[in-house]
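# Structural description and commentary
Residues per chain are reported as follows:
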Amino acid sequence: MNGRLAVYPGSFDPLHHGHLDLIERCRSIFDGVVIGVLENEEKQPLFSVEERMAMIREMVGDDGFCRVESFSGLLVDFMDRMRAKTIVRGLRAISDFEYEFQMALMNRHLNPRVETVFLMPKEEYSYLSSRLVKEVFRLGGSLDGLVPPSVLGHMARRLGRDEAGSD
Ligand code: PNS
């Protein structure tokens, strides 16, 4: 059973529809997915790891397929703790490829039992990233259809402004 348990790691700062699209795609391939939220406080995330986990749980619910966990240190060590062999990563464009390729091969070097599979999100999310979500939000642009309303609410409260996009 664990052979079909995947880990989908990331910063998820914050979660957006590209992430949710990937989680949905996992349902037809795996028996379960652990969403591994990186504890990267040194990168000064907008949301703490607990907040990011709560936002993900709010969206994916608890239907026995998804589990939300945090991790620090090496991803391959987290894989061992989860007893999972497959890392899922999203590939949006060629620009993602080099970084993802390096990570996949380094992870396989560190733990030869671990394989990385790449899933492509829906085309309409192929330009979406958490970095751009934060930038557009800060500058008052619309994120309709790109970020769950609940996440927009959390961003508005954190950044202290109207979540509709106007200042
Ligand atoms: O969503 P992100 O920020 O692109 O996710 C990056 C993540 C969390 C997958 C990557 O930074 C990671 O795995 N970090 C854990 C540390 C680690 O294992 N580093 C070596 C990877 S080759």
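Everything in this summary refers to the structure shown in the same document. These numbers come from a predicted model, not from an experiment.

Parameters and conventions
- Residues numbered from 1 in each chain as written.
- Predicted model: local features only at pLDDT ≥ 70, side-chain atom pairs only at ≥ 80, totals over all residues.
- Heavy atoms only, no water.
- Near = heavy atom within 4 Å.
- Polar contact = N/O pair within 3.5 Å; in protein donor to acceptor, adjacent residues only side chain to side chain.
- Areas by Shrake-Rupley, 256 points an atom, 1.4 Å probe, with all protein chains shown as cover.
- Helix = DSSP H or I, 4+ residues; strand = E, 2+ residues; numbered from the N terminus.
- Nonpolar A, V, L, I, M, F, W, Y, C, P; charged D, E, K, R; others polar.
- Patch = residues over 30% accessible without salt bridge, like charges linked within 9 Å, V, L, I, M, F, W, Y side chains within 5 Å.
- Salt bridge = Lys/Arg side-chain N within 4 Å of Asp/Glu carboxyl O.
- Buried < 20%, exposed > 50% of the residue type's maximum accessible area, 1.4 Å probe, protein only.
- Pairing = 2+ DSSP bridges.
- Right-handed = clockwise from strand over helix to strand, strands pointing away.
- Contact = heavy atoms within 4.5 Å.
- Core = buried A, V, L, I, M, F, W, Y, C linked by side-chain atoms within 4.5 Å.

## Regarding the site of the ligand
- Taken together, 13 residues form the shell around the ligand, and within it Ser 11, Gly 73, Leu 74, Leu 75 and Arg 89 come nearest.
- One nitrogen or oxygen atom from the side chain of Ser 11 is found 2.6 Å from an oxygen atom belonging to the ligand.
- Between an oxygen atom of the ligand and a main-chain N or O atom of Leu 75, the distance comes to 2.8 Å.
- Burial of the ligand by the surrounding chains reaches 76%, relative to a free accessible area of 550 Å².
- A per-element tally of the shell around the ligand places helix α4 (residues 94-110) first, with four residues.
- The class makeup of the residues in the shell around the ligand is seven nonpolar, four polar and two charged.

## A short note on a nonpolar patch on the surface
- On the surface, Ile 94, Phe 97, Phe 101 and Leu 105 cluster together into a nonpolar patch covering about 430 Å² of accessible area.
- Relative to the helices and strands, Phe 97 resides in helix α4.
- On the accessibility criterion, Phe 97 (41% relative accessible area) is partly exposed.

## Thoughts on the pairing of strand β1 (residues 5-10)
- Most of β1 is tucked away, with six of its six residues classed as buried.
- Judged by which residues are buried, β1 turns out to be covered on both faces: Leu 5, Val 7 and Pro 9 on one side and Ala 6, Tyr 8 and Gly 10 on the other are all buried.
- The sheet contact formed by β1 and strand β2 (residues 32-38) spans six bridges and is parallel. From the neighbouring strand, Leu 5 faces β2, where its bridge partner is Gly 32.
- Following the backbone out of β1, through helix α1 (residues 17-27) and into the adjacent parallel β2, one traces a crossover that is right-handed.
- Relative to strand β4 (residues 86-90), β1 runs parallel, the two sharing two bridges. In the sheet register, Val 7 faces β4, and the bridge partner there is Ile 87.

## Structural notes on the side chain of Asn 107
- By secondary structure assignment, the location of Asn 107 is in helix α4.
- Once you skip the residues sitting within four places of it in the chain, Asn 107 turns out to touch Leu 75, Val 76 and Ile 87.

## Quick look at the pairing of β2
- Among the seven residues that make up β2, six are buried, leaving the element largely enclosed by the rest of the structure.
- The pairing of β2 with strand β3 (residues 66-71) spans six bridges and is parallel. Bridge pairing in β3 links Val 33 to Cys 66.
- With helix α2 (residues 49-60) bridging β2 and its parallel neighbour β3, the resulting β-α-β unit is right-handed.

## Quick look at the nonpolar core
- Grouped together as the largest cluster of nonpolar side chains are 35 residues, with contacts concentrated most on Ile 35, Ile 56, Val 60 and Val 88.
- Where this core is concerned, the elements lending two or more residues are β1, α1, β2, α2, β3, α5 (130-138) and α6 (149-159).
- Here the element with the most residues in this core is α2; it accounts for five residues.
- Sequence-distant contacts of Ile 35, defined by excluding residues within four places in its chain, comprise Tyr 8, Phe 12, Ile 23, Ile 56, Val 60, Cys 66, Arg 67, Val 68 and Glu 69.
- With 11 residues, the next largest nonpolar core counts Val 7, Met 79, Met 82 and Val 114 among its residues.

## Focus on the pattern of salt bridges
- Enumeration according to the criterion identifies 13 salt bridges in this entry.
- A salt bridge links Arg 25 to Asp 21; the nearest nitrogen and oxygen atoms lie 2.7 Å apart. In this pair, Arg 25 and Asp 21 are both assigned in helix α1, four residues apart and thus about one turn of the helix distant.
- Judged by its relative accessible area of 32%, Arg 25 falls in the partly exposed class.
- Overall, the relative accessible area of 11% leaves Asp 21 in the buried class.
- The salt bridge involving Arg 27 is made with Glu 24; its shortest N-O contact spans 3.1 Å.

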